[in-house]
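A structural walkthrough
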Amino acid sequence: MKTLSTINSITHSPVRYSLFLTALTVIVFAMGTPTANSAPGDLIVPQQYSPAYDNGDIIQLPINPSFGTPSFVWDNTNLPAHFWAGIAFDQAGNLYASDYVSGEIYKLTPDRSTLTLFATGLQSPKGLAIDAAGSIYEADTGTGNIYKFTPEGAQSTFASGLYLNNSGACMIFDSLGKLLVSGGLGYDWNTAAIYQIDAQGNVGVYRILPTYVIPSGIAFDSSGNLFVLCHNAFTAANSIYEYPPSPEEPPITRGENVSAAGFVGLVIDSLDNLYVGGTLGSSIWKFSPPGYESYVASSPISDGTDTFGQLAIEAAVSSTPTPTPTPTPTPTPTPTPGMITVTVKTSPTGRSFSVDATTYTTQQRFRWTSGSTHTIASTSTQSGDPGVQYVWKKWSDQGAISHTVSPTTNTTYTATFTTQYYLTMTSGTGGRVTPASGWKNSGAAVSISATPARGYSFSNWTGTGTGSYSGPNNPASITMGGPITEAATFTH
């Protein structure tokens, strides 16, 4: 257990000392005694250890209606260094923080007086998130696992097999209670994904990011748009992408001059203002809706060029006490089913299908518990470009157009469609043509013929489209390489 000293000598660098000199009463309060008063709505900023300046403090910054004077949530001066990466509050106001170097999670009490070790033995822990039941989730970048902890500290593996090793591995819950985790490059060679994990630990993909883009922060606004703070590993530029709730809509790039700062954390307040932490100048940048085109930067909240971890906004603590759970006998543990990778796609690409009632039009890769049951489905006829349609033919496992699957090994399910093109047959005065207009399979050879009326004779065909025929042959043969129109001309 580490307890904040009641008297800490001020041994900071001149830069750090002058930063807080204008608010001396705050320094004495934060450093001389524990910071006992929480401030709902304030921004909480964890620092990662910098040998030249800090040992890893946690800072509280007022942000409403404007940036205020920073103070310490936890002053780590003269204590063993911490590399704070992820933070999260529970409903009682306890602050959990992950140290990605020591492989530990710490718990800071609501009165900010006591920092205790909560979990150890982890491998480069980063993102933290806490669900409505008070369970703590940790993104373990060294193993690619998501670990789940009870409030009492019991640990279990919630999900595994994620690519997290070069990302911020930030975590948030969506409106459906699913856990979103920002992954690193390696999901598909040089791309990263935002993973989505359901309550049973099944891993899906919420969004796939552009090539070479590494996410370092994720947050939802009040309309359900997902904002992703990204670093491009190829160009070294930083960007903020806004992903609408519909997967069919492309992302929007937000933020002016965002590439000028080395951002490493992201959070959105109740008014949809967006806050990011910049390693250049150790400031917090605020972007405001609706366009997020301009920003306001705070004064430096620490000296040097500190790197910040996952940002959080402190919520009001519930006044209703949490009942103490009734102890129950510990059951004999049963083997945990392994995780498998399942790919669902279509041939040709771009066709619509659904997995567990969620519709997709691009190949999807899921991480499922071996033997778990899921539903894959499609629709029988899908429209394409004008004169083109796609007719469902089969699933690769020979299942019905909508059916359940329970794979136990890495599996790919492919929905195959037959491409069809429309053949338009026309004739002027003086005869008739066969066959009638209609849909034909791609590549099909079709014989066309013209029959003149009494007193008329066939003259020629005029065809348009890939595989069409123009000329005097009757009958003639065409090959359906695309939508085709054939017109017969008759002379009197």
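Up top is the structure.
Notes on the structure in this doc start here.

Conventions adopted
Residues numbered from 1 in each chain as written. Predicted model: local features only at pLDDT ≥ 70, side-chain atom pairs only at ≥ 80, totals over all residues. Heavy atoms only, no water. Helix = DSSP H or I, 4+ residues; strand = E, 2+ residues; numbered from the N terminus. Buried < 20%, exposed > 50% of the residue type's maximum accessible area, 1.4 Å probe, protein only. Contact = heavy atoms within 4.5 Å. Areas by Shrake-Rupley, 256 points an atom, 1.4 Å probe, with all protein chains shown as cover. Pairing = 2+ DSSP bridges. Axes fitted to C-alpha atoms, helices over the stretch in contact; angles between N-to-C directions. Phe/Tyr/Trp six-rings, centres within 6.5 Å; stacked < 30°, edge-to-face > 60°. Lys NZ or Arg CZ within 6 Å of the ring centre and 35° of its normal. Salt bridge = Lys/Arg side-chain N within 4 Å of Asp/Glu carboxyl O. Core = buried A, V, L, I, M, F, W, Y, C linked by side-chain atoms within 4.5 Å.

Some words on the overall build of the chain
- Assigned secondary structure in the chain consists of 2 helices and 41 strands.
- Out of the 492 residues belonging to the chain, those deemed buried represent 48%.
- Here the analysis covers contacts within the chain between residues at least 6 apart in sequence; of these, 49% occur between residues at least 24 apart.
- Of the roughly 22,200 Å² that the chain leaves accessible, carbon and sulfur atoms contribute 54%.

Considerations on the sheet that holds strand S17 (residues 213–220)
- Here we have 4 strands laid out as an open sheet, ordered S17-S18-S19-S20, and antiparallel in their pairing. The open sheet has two free edges, formed respectively by S17 and strand S20 (252–254), since each of these has just one partner strand. This sheet shows a mean twist of 30 degrees between the axes of neighbouring strands, independent of strand direction.
- One ladder, built from 6 bridges, connects strand S18 (residues 226–232) with strand S19 (residues 238–243); its direction is antiparallel.

A short note on the packing of aromatic side chains
- Applying the stated criterion to the full structure yields 20 aromatic pairs.
- Geometrically, the ring pair formed by Phe287 and Tyr295 is tilted, given 5.9 Å between the ring centres and 50 degrees between the ring planes.
- In this structure Tyr295 comes out as partly exposed when scored by relative accessible area, which is 33%.
- Measuring from centroid to centroid gives 6.1 Å for Phe458 and Phe490, while their planes differ by 75 degrees, and the two rings are edge-to-face. Pair noted here: Phe458 is in strand S39 (residues 457–464) and Phe490 is in strand S41 (residues 484–491), with a separation of 32 residues, a long-range link. Both residues of the pair, Phe458 and Phe490, count as buried.
- Taken together through their ring pairs, the aromatic side chains of Phe353, Tyr360, Phe366 and Trp368 make up a single cluster.
- Here Lys126 stacks its cationic end above the ring of Tyr100, 5.8 Å away from the centre of that ring.
- Over the face of the ring belonging to Tyr390 we find Arg351, whose NZ or CZ atom lies 4.0 Å from the ring centre.

A few points about the environment of Gly278
- Structurally, the position occupied by Gly278 is in strand S22 (residues 274–278).
- For the pair Gly278 and Phe308, spaced 30 residues apart in sequence, the C-alpha separation works out to 7.6 Å.

Remarks on the pairing of strand S2 (residues 43–48)
- Judged by how many residues are buried, S2 sits mostly within the fold: 6 of 6 residues are covered.
- Neither face of S2 is left uncovered, since the one carrying Leu43, Val45 and Gln47 and the one carrying Ile44, Pro46 and Gln48 both have all their residues buried.
- When S2 meets strand S3 (residues 58–61), the two strands line up antiparallel, connected through 4 bridges. Note that in S3 the partner of Ile44 across the bridge is Gln60.
- In this sheet, strand S26 (residues 312–313) lies alongside S2 in antiparallel orientation, the contact comprising 2 bridges. Its bridge partner being in S26, Leu43 is matched across the sheet by Ile313.

Concerning the pairing of S3
- Where burial is concerned, the two faces of S3 agree: the one with Ile58 and Gln60 and the one with Ile59 and Leu61 are both buried.
- Strand direction decides the pairing type here: S3 and strand S4 (residues 71–74), joined by 3 bridges, are antiparallel. Among the inter-strand pairings, Ile58 is bridged to a residue of S4, identified as Trp74.

With respect to the sheet that holds strand S40 (residues 476–479)
- The 3 strands lie next to each other as S36-S38-S40, forming an open sheet whose pairing is antiparallel. The sheet is open, and its two borders are formed by strand S36 (431–434) and S40, each paired with just one other strand. If you compare each strand with its neighbour and ignore which way they point, the axes differ by 25 degrees on average.
- Sheet topology places S36 next to strand S38 (residues 445–452); 4 bridges connect them, and they run antiparallel. Bridge assignment links Arg432 to a residue of S38, and that residue is Thr451.

Points about the pattern of salt bridges
- In the structure shown here, the tally under the stated rule is 1 salt bridge.
- The residue Glu314 makes a salt bridge to Arg112 at a minimum N-O spacing of 2.9 Å. With Glu314 in the loop between S26 and strand S27 (339–347) and Arg112 in the loop between strand S7 (104–108) and strand S8 (114–119), the pair connects residues that are 202 residues apart, well separated along the chain. Here Glu314 matches Arg112 in class, with each residue buried.

Concerning the nonpolar core
- Judged by nonpolar contacts, the single largest core of 33 residues is most densely connected at Val355, Trp395, Trp461 and Ile478.
- Sort the elements by how many residues they give to this core and strand S35 (residues 411–427) lands first, with 6 residues.
- The next biggest cluster of nonpolar side chains, apart from the first, holds 19 residues, and it includes Ile146, Phe158, Val203 and Met339.

Shape is all these values report; function is a separate question.
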